[in-house]
Amino acid sequence: MKQTKVFLNEGEMPRQWYNILADLPTPMSPPLHPGTGKPVGPDDLAPVFPMNLIEQEVSTQRWIDIPEPVLEKYCLWRPSPLYRARNFEKLLDAPVKIYYKNEGVSPPGSHKPNTAVAQAYYNKAFGIKRLSTETGAGQWGSALSMACQMFGLECRVFMVKISYEQKPYRRLMMMTWGADCIPSPSNITQAGRNILDEHPDSPGSLGIAISEAIEDAVGDKEARYSLGSVLNHVLLHQTIVGLEAQKQLEKIGDYPDIVMGCAGGGSNFAGLFLPFARDKIHGKQISIVAAEPTSCPTMTRGPFAYDFGDTAKTTPLLPMYTLGHGFVPAPIHAGGLRYHGMAPVLSHLLKEKMMEARAFDQIETFTAGINWARTEGFIPAPETNHVIAAVVQEAQRAKEEGKEKIILFNWSGHGIVDLAAYDAFLSGKLKKYELPEEELQKALESIAGFPKP
């Protein structure tokens, strides 16, 4: 029989996370304090995050040990299998081998618990009693809800209102794991009330939900804020995905020509590609490609600039590709990946041309996802459909060039709880949508006059 899956046993699971900051050929611009314009120090972040995670955020140590209690929880679903997508390859009829890391095997069904479990552990160790966070589609909120339950923490999740209404089952997953789930914007924070005063029918955005979650956490000495993407320590925790993939590919004697992932804030994509970016820095020939939506085209149309990570301007100024902190994606957009900014690490690597980004519209992405489900069986999350569309595009290029290629991508989560989005696609309600240029320019007005990285 031809091999479809490559497994690692629990004893082969990586025992350390990989920190790309140790190997960057050029230094990153620092986050800035919005009040002083000076680089942010650990003390500035202390009301928001526990000091043990702040240490990871600023660390330049190459390898960081994974604590035993975190490894024990990881063993519920890790190491995750590496699959060869043979049936999808047949459909595409191109000279490609397609491998994917199946992160949909975790209890909440995505890559998000890789950092949720770690963050819950470090907050518990620091003596924190409650975590507050935001979620868009609900994958992060459900992952943190589960992780908090594992370590005996309370959890409050501000869920983007349009997703709260469109995705009741994610909300129910959070409640099942014991979390308090609130539609955002809400009237329980000043940030939420300000938005509702101005826009009573606001569909919400991740930027607004982040503002609410930070305000909620900072107002309670026993609480801290937790973020599911963007920051260095989050990307660090996700590198277990790429480190496992390297071991799995080594077992079968293959190495990718191209590594791909979908990107909203950047964590699942970074988790897969950062260990391979290290190889690239050391001379390996490899392409690294991010896929994002045309309705939220942060990397393909946004400038590299300093911007806030949230709408209410409570975070430090981050050096990143951005659409402006006031950006609210169109409600028609069904594919997730709605964040206005991009992880500073990814932004830096994109600016330095270590990787590239491509944008896909929701008709392309759902078409790719349906074809995937009809060949490989697994129904992908709408976010994951973006990278599948990119894989299809890459396979077509290989066919045109007559070149054999090995493609590796992160299958970041399943879509079983996202079937309402599939219903919208299958019933013809979804439309091709690109962010209009005038809307983009209007959103970018919010960063005029900010310092330049």
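Up top you'll find the structure we're talking about.
Attention in this report is confined to the structure presented alongside it. (Residues numbered from 1 in each chain as written. Predicted model: local features only at pLDDT ≥ 70, side-chain atom pairs only at ≥ 80, totals over all residues. Heavy atoms only, no water.)

### Section: the nonpolar core
One finds W17, Y74, F273 and M355 to be the most contacted residues of the largest nonpolar core, which totals 93 residues. Counting residues in hydrophobic clusters, the runner-up holds 28 residues, among them F88, L92, A291 and V387. (Core = buried A, V, L, I, M, F, W, Y, C linked by side-chain atoms within 4.5 Å. Buried < 20%, exposed > 50% of the residue type's maximum accessible area, 1.4 Å probe, protein only.)

### Regarding the pattern of salt bridges
Scanning the entire structure with this criterion turns up 22 salt bridges. With its nearest N and O atoms 2.8 Å apart, the salt bridge here joins D23 to R62. Within this pair, whereas D23 is found in the loop between β2 (16-18) and α1 (42-45), its partner R62 is found in the loop between α2 (51-58) and β3 (63-65), the two being separated by 39 residues in sequence. For D23, a relative accessible area of 8% puts it in the buried group. A network of salt bridges, in which partner residues are shared, links R130, R156, D180, D216 and D220. (Salt bridge = Lys/Arg side-chain N within 4 Å of Asp/Glu carboxyl O. Helix = DSSP H or I, 4+ residues; strand = E, 2+ residues; numbered from the N terminus.)

### Overview of the packing of helix α6 (residues 139-151) against helix α8 (residues 168-176)
Taken N-terminus to C-terminus, the directions of α6 and α8 make an angle of 15°; their axes are 8 Å apart at the nearest point. Here α6 lies roughly parallel to α8, going by the angle between them. The interaxial crossing formed by α6 with α8 has left-handed handedness. Across the interface between the two elements, Q139, G141, S142 and S145 from α6 touch R170, M173 and M174 from α8. (Axes fitted to C-alpha atoms, helices over the stretch in contact; angles between N-to-C directions. Parallel < 35°, antiparallel > 145°, perpendicular 65-115°, else oblique. Left-handed = near helix turned anticlockwise from the far one by under 90°. Contact = heavy atoms within 4.5 Å.)

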